[in-house]
Amino acid sequence: MKPGERALAIALCLGCAATATPGPSAPPPSAEASTQPHAPRRKSPAAGSYFAPGPAAAHSGLAARIEEMVTGAAARLGRPRPESDVRLDEAAHDLAAWLPDNGTPQELLQFALQRHGVVEPPARFLVTAWLNDLDQVVLDDIASRLPGVLSGGKYNRLGVGFSKRAGATRIVLALGETYLRLDPIPRALPAGAHITLRGRVLAPYRSPEVLVTTPAGTVERPALIRDGPSFRAVMSCRAREGRYQVEVMGEDAYGSQILANFPLYCGEPPPDAPPAQAVEEALVTSPETAEKRCFELLSADRARAGLPPLVWDDALAEVARGHSHDMEQHDFVGHVSPRTGGAVDRMRRAHLAAPVVLENVARANGPEESEQGLMDSPGHRANILSREVTHVGIGVALGRESAGSRELFVTQLFVRRAAGVGLTAGQAADDVLTVINGRRRGAHLPPLARDGALDRAAQEFSRAVLAGRAGRDQGQQATRRAVELTGTRYRQVATLFTILPEPSRLPETQLIESRALQAVGIGVAVGTSPDMGEGALFVTLVLAGS
């Protein structure tokens, strides 16, 4: 990445599609029974904490046969061998009883997982219909789906759950990814308490990070101490009571990925009942419709946070669309592609550049699920609510249709446009002088006045750099020209050159706050920078004094 560019991208996989497995089915006892969640069957020993060790899951009977099918399929595909996880067993049992017959509500999936201490990336679920006969046909159908499911992730955990109603049985197979070790974390803390998060990321991940969304909706980065893959950070409830959302991330070949995302309740108990189910999303039929809806939801979230709206950018949307298609075609979710590189690389190939580049990517079953999942993730939320960006493009690719929903691959590409577009060189120079004198006022120094001869030397150099007739590191040309124009008026002359997205980003330097300065020359040329794009300000300061 070149100087002046800043990129942040985090991958999110939401629900990673709960796939309905058809087969010989029996109608549920009643419509009411099929849409209302049952009371929790029991709590696992780890229900009070995240990452608390529980008894090893020992499968038998049908569950053992399903486990053998999964591990066998993984071995044939060269994928990680999923190990049984009692937490996923418990969550699968609850979901088998709770899930409605149509759709797989994201909020219900998350509740069941978090209730049993599962906070790693959302699991992939295979859900059968209500079956009178659990015969080989059902197992064969599950087996036929496993290669496609397992190839879509690095699943190394599995759980199997069942529910019975009126003689019929439903099976839920849960597959999860665990590439993080954390010391047990209580789901709830007393008001004013604090806890130290201690853990380590597992290969292939590295560079752990921790972000927290506070009850006020702001995103913070607690102080983090790293030791290779290990880390620790203090999470405090002293700021205020309520729900904090904690996220642990690591990097792999596809960029920054979420390894854990969980709520921590300060001064209040965690919920003990499934949430009300959201209104089911209409089936998405076109990428254009989904992109429009994603933009509406994003704009609404910024408005609720009191932030200015972002400008839709067709060129950014085209770049985002290409990345979403790449993710859909190659079945991955990440911001670094083996084929196209990162967000800045993709923009550069499209002849685009910006001083700030942020990217969110997600895989979800609809625009609402996508946006809600992104906002529930502190890292993604920070991008959506960033004050640093001005424009956005959103690209959507349609994936598989399953269980009445259509899988979406979503890319949100945010940038800050350089402020020079529509700004004259004279206006920009006046704004630069305001910034300089504002800093001098803060240092209790008198303001500087512009000198016409120094302005001329500065302006000539800025135009020469923009035109390619001089290099940005050849500021001595402007210094010599200033001395030529001013003669012996000043004892000392120095030149600073920089390329800015806007005058307020003038770099901090002690030269500007020198007591020896008497005058300044300011030259500005407005043009296109390979790093910042259109509207970049090529700024030369010629500083003179005694």
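Predicted, not measured: the structure shown is a model, and the values here were computed from it.

Caption draft 1: Structural context of the confidence of the model for the protein chain. Predicted confidence across the protein chain gives a mean pLDDT of 87, with 89% of residues reaching 70 or more. The spread of mean pLDDT over the elements of the protein chain runs between helix 1 (residues 31-35), the lowest at 31, and strand 18 (residues 311-312), the highest at 98. Predicted confidence is poor over residues 1-46, with pLDDT under 50, and the contacts of this stretch with residues over four places away or in other chains come to 145 contacts.

Caption draft 2: Looking closely at the nonpolar core. By size, the foremost hydrophobic cluster in this structure holds 27 residues, and its most contacted members are Leu180, Ile185, Met235, Val246, Phe262 and Leu264. For this core, the elements supplying multiple residues, two or more each, are strand 8 (180-182), strand 11 (194-201), strand 12 (206-213), strand 15 (230-236), strand 16 (242-252) and strand 17 (255-266). Looking at this core element by element, the count peaks at five residues for strand 17. Those residues in contact with Val246 that sit more than four places away from it in its chain are Leu197, Val210, Leu211, Val212, Met235, Ala260, Asn261, Phe262 and Leu264. Membership of the second largest hydrophobic core comes to 21 residues, among which are Leu307, Leu385, Val410 and Phe414.

Caption draft 3: Here's a closer look at the pairing of strand 7 (residues 168-176). In terms of residue burial, strand 7 counts as a mostly covered element, since nine of its nine residues are buried. Neither face of strand 7 is exposed, since Ala168, Arg170, Val172, Ala174 and Gly176 on one face and Thr169, Ile171, Leu173 and Leu175 on the opposite face are all buried. Sheet analysis places strand 5 (residues 124-128) next to strand 7, joined by four bridges and oriented antiparallel. Looking at strand 7, one finds that Arg124 is bridged to Leu175. Here strand 6 (residues 157-165) runs beside strand 7; their pairing, made up of nine bridges, is antiparallel. Residue pairing in the sheet places Ser163 in a bridge with Arg170 of strand 7. Connecting strand 6 to the next strand, strand 7, in antiparallel fashion are two residues, including Ala166 with a positive phi near 45 degrees.

Caption draft 4: Representation of the state of the cysteines in the model. Applying the stated criterion to the full structure yields one disulfide. Bridging Cys237 to Cys266, the disulfide has an S-S length of 1.8 Å. The disulfide joining Cys237 to Cys266 has a torsion of about -55 degrees about its S-S bond and is therefore left-handed. One end of the pair, Cys237, is in the loop between strand 15 and strand 16; the other, Cys266, is in strand 17, and 29 residues separate them in sequence. Take Cys266: its relative accessible area is 0%, and that puts it in the buried class.

Caption draft 5: Up close: the pattern of salt bridges. Per the counting criterion, the structure on display carries 30 salt bridges. In this structure, Asp313 and Arg417 form a salt bridge, with 2.5 Å as the shortest nitrogen-oxygen distance. Taken together, the residues Asp313 in the loop between strand 18 and helix 7 (314-330) and Arg417 in the loop between strand 21 (405-416) and helix 11 (425-442) connect sequence positions 104 residues apart. Of the charged contacts in the structure, one is a salt bridge between Asp326 and Arg339, with a shortest N-O distance of 2.8 Å.

Caption draft 6: Region of the structure containing helix 6 (residues 287-304). Across its 18 residues, helix 6 extends 26 Å between first and last C-alpha, which sits within 8% of the 26 Å expected from 1.5 Å per residue. For helix 6, the complete set of buried residues consists of Ala290, Glu291, Cys294, Leu297, Leu298, Asp301 and Arg302. Each buried residue of helix 6 lies within a common arc of 135 degrees when the element is viewed along its axis, so the set occupies one face. Along helix 6, exposed side chains directed more than 90 degrees from the buried face belong to Glu288, Thr289, Lys292, Ala303 and Arg304. Gly306 occupies a position one or two residues after helix 6 and carries a positive phi of about 75 degrees.

Caption draft 7: Representation of the packing of helix 3 (residues 86-98) against helix 4 (residues 106-115). In contact at an axis separation of 8 Å, helix 3 and helix 4 are set at 145 degrees when each is read in the N-to-C sense. Judged by the sense of rotation from one axis to the other, the crossing of helix 3 with helix 4 is right-handed. Within the contact between the two elements, helix 3 uses Leu88, Ala91, Asp94, Leu95 and Trp98 and helix 4 uses Leu108, Leu109, Phe111, Ala112, Leu113 and Arg115.

Caption draft 8: Examining the packing of aromatic side chains more closely. All chains considered together, the criterion is met by seven aromatic pairs. Where Trp98 meets Phe111, the ring centres are 5.6 Å apart and the plane angle is 40 degrees; that geometry is what we call tilted. Separated by 13 residues along the polypeptide, Trp98 in helix 3 and Phe111 in helix 4 bring together distant segments of the chain. Summarising the burial analysis for this pair, Trp98 and Phe111 share the class buried.

Caption draft 9: Quick peek at the sheet that holds strand 22 (residues 449-450). Strands sit in the order 22-24-25-23 across an open sheet of four strands; the sheet is mixed. With partners counted over all chains shown, the strands left at the sheet margins are strand 22 and strand 23 (492-500), one partner each. Where strand 22 lies against strand 24 (residues 517-529), two bridges are found, and the strand directions are parallel. Following the sheet pairing, Ala449 is matched in strand 24 by Ala519. Contacts between helix 11 and the sheet are confined to strand 22, strand 24 and strand 25 (533-545), with strand 24 contributing the most and set at about 135 degrees to the helix. Against the sheet, helix 13 (residues 476-486) engages strand 23 and strand 25, with an angle of about 135 degrees to strand 23.

Caption draft 10: Just helix 13, in detail. Along helix 13, the positions that sit buried rather than exposed are Ala478, Thr479, Arg481, Ala482 and Thr486. Take helix 13 and look down its axis: the buried residues cluster within an arc of 165 degrees, on one side only. Facing away from the buried side of helix 13 by over 90 degrees, the exposed positions are Arg480 and Glu484. Contacts made by the buried residues of helix 13 are with helix 12 (452-467), strand 23 and strand 25. Once helix 13 finishes, Gly487 follows within two positions and takes phi at roughly 65 degrees, a positive value.

Conventions we followed
- Residues numbered from 1 in each chain as written.
- Predicted model: local features only at pLDDT ≥ 70, side-chain atom pairs only at ≥ 80, totals over all residues.
- Heavy atoms only, no water.
- pLDDT = per-residue confidence, 0-100.
- Helix = DSSP H or I, 4+ residues; strand = E, 2+ residues; numbered from the N terminus.
- Contact = heavy atoms within 4.5 Å.
- Core = buried A, V, L, I, M, F, W, Y, C linked by side-chain atoms within 4.5 Å.
- Buried < 20%, exposed > 50% of the residue type's maximum accessible area, 1.4 Å probe, protein only.
- Pairing = 2+ DSSP bridges.
- Disulfide = S-S within 2.5 Å.
- Salt bridge = Lys/Arg side-chain N within 4 Å of Asp/Glu carboxyl O.
- Expected span 1.5 Å × (residues − 1).
- Arc of directions from axis to C-beta.
- Axes fitted to C-alpha atoms, helices over the stretch in contact; angles between N-to-C directions.
- Left-handed = near helix turned anticlockwise from the far one by under 90°.
- Phe/Tyr/Trp six-rings, centres within 6.5 Å; stacked < 30°, edge-to-face > 60°.

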